[in-house]
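Given next are the chains, with one letter for each unit.
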Amino acid sequence: MSHPFDLSGRVAIVTGANTGIGQAIAVALAQAGADVACVGRTPADETAAHIRALGRRAALIAADLSTIEPVERIVAETVAALGRLDILVNNAGIIRRGDAVDFTEADWDAVIDTNLKSVFFLSQSAGRHMIAAGGGRIINIASMLTFQGGIRVPSYTAAKSGVGGLTKLLANEWARYGVTVNAIAPGYIATNNTAALQADAVRNAAILDRIPAARWGAPGDLGGAAVFLASDAAAYVQGHVLAVDGGWLAR
Ligand code: NAP
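Predicted, not measured: the structure shown is a model, and the values here were computed from it.

Cut-offs applied
- Residues numbered from 1 in each chain as written.
- Predicted model: local features only at pLDDT ≥ 70, side-chain atom pairs only at ≥ 80, totals over all residues.
- Heavy atoms only, no water.
- Helix = DSSP H or I, 4+ residues; strand = E, 2+ residues; numbered from the N terminus.
- Buried < 20%, exposed > 50% of the residue type's maximum accessible area, 1.4 Å probe, protein only.
- Contact = heavy atoms within 4.5 Å.
- Polar contact = N/O pair within 3.5 Å; in protein donor to acceptor, adjacent residues only side chain to side chain.
- Pairing = 2+ DSSP bridges.
- Axes fitted to C-alpha atoms, helices over the stretch in contact; angles between N-to-C directions.

A. Spatial organisation of the environment of Trp 216. With respect to the helices and strands, the residue Trp 216 is situated in the loop between α7 (201-210) and α8 (223-230). Residue Trp 216 is classed as buried on the basis of its relative accessible area of 12%. Apart from the residues lying within four places of it in its own chain, the contact partners of Trp 216 are Tyr 188, Ile 189, Ala 190, Thr 194, Leu 197, Gln 198, Asn 204, Ile 207 and Leu 208. A polar contact of 2.7 Å, which involves the side chain of Trp 216, links it to the side chain of Asn 204.

B. Spatial organisation of the environment of Ala 110. Looking at the element boundaries, Ala 110 is found in helix α4 (residues 105-133). Along the primary structure Ala 110 and Ser 66 are separated by 44 residues, whereas in three dimensions their C-alpha atoms are 6.9 Å apart. Among all residues touching Ala 110, those that are not within four sequence positions of it are Ile 94 and Arg 96.

C. Seen up close, the sheet that holds strand β3 (residues 58-62). Spatially, the seven strands line up as an open sheet ordered β3-β2-β1-β4-β5-β6-β7, and their pairing is parallel. Two strands lie at the open edges of the sheet, namely β3 and β7 (241-244), each paired on one side alone. This sheet shows a mean twist of 20° between the axes of neighbouring strands, independent of strand direction. Across the sheet, α4 touches β1 (11-15), β4 (87-90), β5 (136-141) and β6 (179-186), and the angle it forms with β4 is around 175°. α8 contacts β4, β5, β6 and β7 of the sheet and is inclined by roughly 170° relative to β6.

Dropping the structure here:
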């Protein structure tokens, strides 16, 4: 009998897999046995090398998710390269910081297009394939700002709050087809996305003071949650947003 967390024979798409959280999740899925299509605008050569060193297959798919133009091609290229599609991790994302009174339409649209619109339409494209195939797993990367308001990141908060709602809507529509849709809400994780916060001594101290675990998260801290939600062990977990935050939301 196989282990309930075993992903052997499964194929995953991870967007934004060249660095940070996406890279760590791609490697964690491969460690659990999955083959991985690494999707992004910067080639994920390093990630693919890690995956292949684990004895798994990796495919590199070039795509800019600031528009929805590549979504059907991403699914088609994954199936062509790796034979099937079982798991989609919507990880690619950007952030724009600015006071609400000065926030520009360009900073609004850029974040909503990448962090929300592409998440929906790539999920739609993958979901159509998974429904026809008899099941699958979609994992969206949410945020503390799926639950909280944050400050100076209006389009990011709107997008990540939207991701929380979308996760539940897609779960409701697709549960009957064996497609689970869940999200992971990372706390404060040390990546490029949070470099400005880490470099700001005042914000950095305030953030650390509030985290019960008393440290920034590492990208690898997200791997276990991703493997769990991608696995048979989570077959009846639907529409859930799982915080991996060192206790931030518990404060
Ligand atoms: P990161 O290191 O900046 O990585 C972001 C990834 O998204 C990169 O691979 C990036 O590619 C990709 N990406 C951005 N825009 C793209 C586009 N238009 N097309 C294709 N790929 C694109 O940040 P991260 O912290 O790992 O973030 C990953 C996810 O976690 C994001 O959704 C972020 O909002 C979320 N998150 C992060 C934290 C945190 O504390 N770090 C907390 C909560 C949620 P390039 O390298 O080419 O830019």
